[in-house]
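Letter by letter, the chains look like this.
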2 protein chains.
Amino acid sequence: MNFSITEENYIKAIYHLQQADGNVTTNELAAELNTKAASVTDMLKKLKAKKLVNYEKYQGFRLSSEGKKIALGVIRKHRLWEYFLVEKLQFGWDEVHEVAEELEHISSKKLIDKLDAFLDYPKFDPHGDPIPDSNGKMAAQKQINLIDLPLNEAAEIVSVGSQSTELLELLKHKHLGIGTTIEIKKRFAFDHSMEVKIKGQSAFIISQQLAQALFVRPL
Amino acid sequence: MNFSITEENYIKAIYHLQQADGNVTTNELAAELNTKAASVTDMLKKLKAKKLVNYEKYQGFRLSSEGKKIALGVIRKHRLWEYFLVEKLQFGWDEVHEVAEELEHISSKKLIDKLDAFLDYPKFDPHGDPIPDSNGKMAAQKQINLIDLPLNEAAEIVSVGSQSTELLELLKHKHLGIGTTIEIKKRFAFDHSMEVKIKGQSAFIISQQLAQALFVRPL
DNA sequence: AATAAAATTTAGACAAATCTAAAAATTATT
DNA sequence: AATAATTTTTAGATTTGTCTAAATTTTATT
Ligand SMILES: [Mn+2]
Ligand SMILES: [Mn+2]
Ligand SMILES: [Mn+2]
Ligand SMILES: [Mn+2]
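Thresholds, definitions, all that
- The residue numbers shown here count from 1 along each chain, following its written sequence.
- Throughout, the order in which chains and ligands are written sets their labels, letters from A for the former and numbers from 1 for the latter.
- Residues qualify for local features only when their pLDDT is at least 70, as the model is predicted, and side-chain atom pairs are given and counted only at 80 or more; totals for whole chains, interfaces and linings, by contrast, use all residues.
- For the side-chain quantities, the full set of heavy atoms in the structure was used; hydrogens and water were omitted.
- Any carboxyl oxygen of Asp or Glu that lies within 4 Å of a side-chain nitrogen of Lys or Arg is treated as forming a salt bridge with it.
- In DSSP terms, a helix is any run of H or I states spanning at least four residues, a strand is any run of E spanning at least two, and both are numbered starting from the N terminus.
- Partly exposed residues are those whose accessible area sits between 20% and 50% of the maximum for their type, while under 20% is buried and over 50% is exposed, using a 1.4 Å probe and protein chains only.
- Within 6.5 Å between ring centres, the rings of Phe, Tyr and Trp (the latter by its six-membered ring) count as paired, and their orientation is classed by plane angle as stacked under 30 degrees, edge-to-face over 60, tilted in between.
- As a reminder, the over-ring test applies to NZ of lysine and CZ of arginine, requiring each to be within 6 Å of the ring centre and within 35 degrees of the ring normal.
- In this tally Asp and Glu are treated as negative and Lys and Arg as positive; neither His nor the chain ends contributes.
- For this analysis, residues touch if any pair of their heavy atoms sits within 4.5 Å.
- Definition used in this section: a nonpolar core is a set of buried Ala, Val, Leu, Ile, Met, Phe, Trp, Tyr and Cys residues joined via side-chain atoms within 4.5 Å.
- What pLDDT reports is the predictor's confidence in each residue, on a scale of 0 through 100.
- Strand pairing requires that DSSP identify at least two bridges connecting the strands.
- For Na, K and Ca the donor cut-off is 3.2 Å, while for other metals it is 2.8 Å, and in both cases only N, O and S atoms qualify; water is not among them, so sites may look incomplete.
- What makes a residue near a molecule or strand is one non-hydrogen atom of that residue sitting within 4 Å of it.
- As used in this structure description, the phrase polar contact means that two N or O atoms lie within 3.5 Å; if the pair is within protein, one of them must be able to donate a hydrogen and the other to accept it, and residues adjacent in sequence are counted only when both atoms belong to side chains.
- Each residue receives one of three labels: charged for Asp, Glu, Lys and Arg, nonpolar for Ala, Val, Leu, Ile, Met, Phe, Trp, Tyr, Cys and Pro, and polar for the others, Gly being one of them.
- Our superposition of the copies is a least-squares fit, built on the C-alpha atoms of residues whose pLDDT is at least 70 in both.
- Where each domain begins and ends is defined by an automated method or by a domain database.

A. Summary view of the pattern of salt bridges. Residues and elements named next belong to chain A. Taken as a whole and assessed by the stated rule, the structure comprises 24 salt bridges over all chains. Two residues, lysine 172 and aspartate 94, come together in a salt bridge whose shortest N-O distance is 3.3 Å. One end of the pair, lysine 172, is in helix 7 (residues 165-173); the other, aspartate 94, is in the loop between helix 4 (65-87) and helix 5 (97-103), and 78 residues separate them in sequence. Using a relative accessible area of 57% as the deciding quantity, one classes lysine 172 as exposed. Measuring nitrogen to oxygen at the nearest pair gives 3.2 Å for the salt bridge that ties glutamate 183 to lysine 185. The partly exposed category is assigned to glutamate 183, whose relative accessible area is 22%. Classification of lysine 185 as partly exposed rests on a relative accessible area of 33%.

Structure follows, in structure tokens:
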């Protein structure tokens, strides 16, 4: 079966929300998609009719296993295109999201499998998120929040918690990005800020909020 | 301004039809787009309101210069993506059209300009059609119909007149394709068939219909 | 347990793109 | 010039996805 761009966007958003939350609510999804609760209810009835979500009135919902398969297909396309844009077209990793939002809806399965081969089967996208293979399997994210990294242990930044321009602006200013090696030198209990060090630069302070937005893989 | 996928498809189709015909009619466009005349009339009113076509009831229509600019933008995207699919992803030149029909609607200007650079600014797509540059300029097609090629003059096949599977099947069978060097050895007045030769093969006969579907550049 | 607040769903409308059937205009044929 | 055939447009519906406002259900607070 084939799904509309709108349906795919709903399915993908439900997938991401249920990773965090278990059950997803109407308002949550409306917020995620910048739409209204009434529109979400309408769409959920359609997705339920197509057996893509398990949904009972007023009870919240989650994807069926069929729905999950669709979601992983869209996510695979999104992340492969992001990888292509960064590695082949020289986009910055902070400017690919919008474009991938569109490219993820190109329907050809053959296209995406050939793109995957052309890119040499990458395992992670430019934001450190794992790319599902053509069967929907992907590497487990063995990354931790920077806030949980032990003192004086080097780790590599592999992922960011949001793609907001505000965050990206701050990262650029502090010369932090995917691939940067970082180490925590000191924690301040008062505001949970921390002093960190990246090689070739003197130590500096980052806020709790920023630390929580960064995911790292200890080296 | 931004246009819907449907609007872009209408604009592109009008562009192609008016290349041949000058003025385009409602029925012609309906046939081209596999839709009904009534739908075409509806859309023309919208395109007229947006000043993309010059259209008067019952009088036929053509693109405004603004409309032509949009059309060339879509055609640029279509042909660059086709080139990408063939040169980088190893698609056959006969299997890229459908996919490019979708990719041509991805809106990012930056994407298409970076893709152009990545591909090293190709001048022709895999079917021999010229690719407009980012200003909408493209190489004049200095190609002639095979039917008009003088006897015993070598020429290179640069373009085909249709993308029908029937034609592509026949070309495959006769080992003809874009880039093939061909020469006419004899014409038969009765049915306008002709004996042709390609290097490394003994001469064979092609029909008038096939010759008319092939465009060549004399060498 | 009653009431208030919040979340969710329904009802009714609207815009985009499509269709069928009927009406109107143009073009071709007698 | 009248009539027939063809083309094009209009009228009225339909589908998808959206919205606001009102009604309903659930959850929280007294
Ligand atoms: Mn999307
Ligand atoms: Mn990503
Ligand atoms: Mn298209
Ligand atoms: Mn082409």
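B. Geometry of the packing of aromatic side chains. Inspection of every chain in the model, using the stated rule, returns 9 aromatic pairs over all chains. Judged by centre distance (5.6 Å) and plane angle (85 degrees), the ring pair of A:Trp81 and A:Phe84 falls under edge-to-face. Here the residue A:Trp81 and the residue A:Phe84 both occupy positions in helix 4, the gap between them amounting to 3 residues, near one helical turn. The exposure class assigned to A:Trp81 is buried, which follows from its relative accessible area of 1%. Residues B:Tyr55 and B:Phe61 carry aromatic rings whose centres are separated by 6.0 Å and whose planes lie at 80 degrees to one another, so their mutual orientation is edge-to-face. A relative accessible area of 10% means that B:Tyr55 is categorised as buried. Within the aromatic cluster, the residues linked to one another by ring pairs are A:Trp81, A:Phe84, A:Phe118, B:Trp81, B:Phe84 and B:Phe118. The ring centre of A:Phe118 lies 4.6 Å from the NZ or CZ of A:Lys88, which sits over that ring. The side chain of B:Arg217 reaches across the aromatic face of B:Phe124, ending 5.3 Å from its centre.

C. Here's a closer look at the side chain of B:Asp129. Residues and elements named next belong to chain B. Mapped onto the elements, aspartate 129 comes out in the loop between helix 6 (109-118) and strand 3 (144-145). Put simply, aspartate 129 is tucked away with no salt bridge, and the nearest opposite charge, on arginine 79, sits 4.3 Å away. If we skip the residues at most four places from it in the chain, aspartate 129 touches Arg79, Lys123, Phe124, Gln141, Val158 and Ser159.

D. Region of the structure containing the nonpolar core. Counting 54 residues, the largest nonpolar core has A:Leu103, A:Leu146 and B:Leu103 as its most contacted members. Excluding residues within four positions of it along the chain, B:Leu103 makes contact with A:Trp81, A:Leu103, A:Ile106, A:Leu111, B:Trp81 and B:Leu85.

E. Layout of the confidence of the model for chain A. Of all residues in chain A, 100% attain a pLDDT of 70 or more, and the chain-wide mean is 93. Here strand 3 (residues 144-145) of chain A stands out as the least confident element of chain A, with mean pLDDT 87; helix 6 (residues 109-118) of chain A is the most confident, with 98.

F. Local environment of the sheet that holds strand 4 (residues 155-160) of chain A. One open sheet accounts for 6 strands, arranged 3-8-4-5-6-7 (chain A); its pairing is antiparallel. Strands with a single pairing partner mark the edges of an open sheet, and in this sheet they are strand 3 and strand 7 (204-206) of chain A.

G. Broad picture of the coordination of the manganese ion (ligand 2). All names here are of chain A. Distances from the manganese ion (ligand 2) to its protein donors, namely Glu82 (OE), Asp125 (OD) and His127 (ND1), fall within the range 2.1 to 2.4 Å. One chain supplies every donor to the manganese ion (ligand 2), and in sequence these donors are spaced E-x42-D-x1-H. With a gap of 45 residues between them, glutamate 82 in helix 4 and histidine 127 in the loop between helix 6 and strand 3 connect regions that are remote in the sequence. You'll find glutamate 82 and histidine 127 in the same group, each marked buried.

H. Examining the protein's contact with DNA strand C more closely. In the vicinity of DNA strand C, 21 residues are found, and the nearest of them are A:Tyr55, B:Ser4, B:Thr35, B:Ser39 and B:Lys46. Here the atoms of DNA strand C within 4 Å of the protein split so that 79% fall in sugar or phosphate, with bases taking the remainder. Between DNA strand C and the protein, one listed contact pairs a phosphate oxygen with a side-chain N or O atom of A:Tyr55 at 2.4 Å. When residues in the surface near DNA strand C are grouped by element, the largest group, 5 residues, is from helix 3 (residues 37-49) of chain B. Residues that form the surface near DNA strand C fall into these classes: 8 nonpolar, 8 polar and 5 charged.

I. Quick peek at the relation of the copies chain B and chain A. Mapping chain B onto chain A calls for a screw motion: a turn of 179 degrees about the axis and a shift of 0.1 Å along it, with 0.2 Å RMSD after fitting. Overall, the copies show the geometry of a two-fold rotation axis. Minimal C-alpha distance to the rotation axis in chain B is attained by B:Leu103, lying at 3.8 Å. Here 100% of the contact residues of chain B are again contact residues in chain A; the copies associate through an equivalent surface.

J. Here's a closer look at the domain arrangement of chain A. Segmentation of chain A into domains returns domain 1 (5-63) and domain 2 (144-218). Put simply, the middle of domain 1 of chain A and the middle of domain 2 of chain A, counted by C-alpha atoms, are 33 Å apart.

K. Spotlight on unusual backbone geometry. Not every positive phi belongs to a glycine, and A:Tyr121 is a case in point at roughly 50 degrees. Even without being glycine, B:Gln90 reaches a positive phi, approximately 65 degrees. Along the chain, B:Gln90 turns up in the loop between helix 4 (65-87) and helix 5 (97-103).

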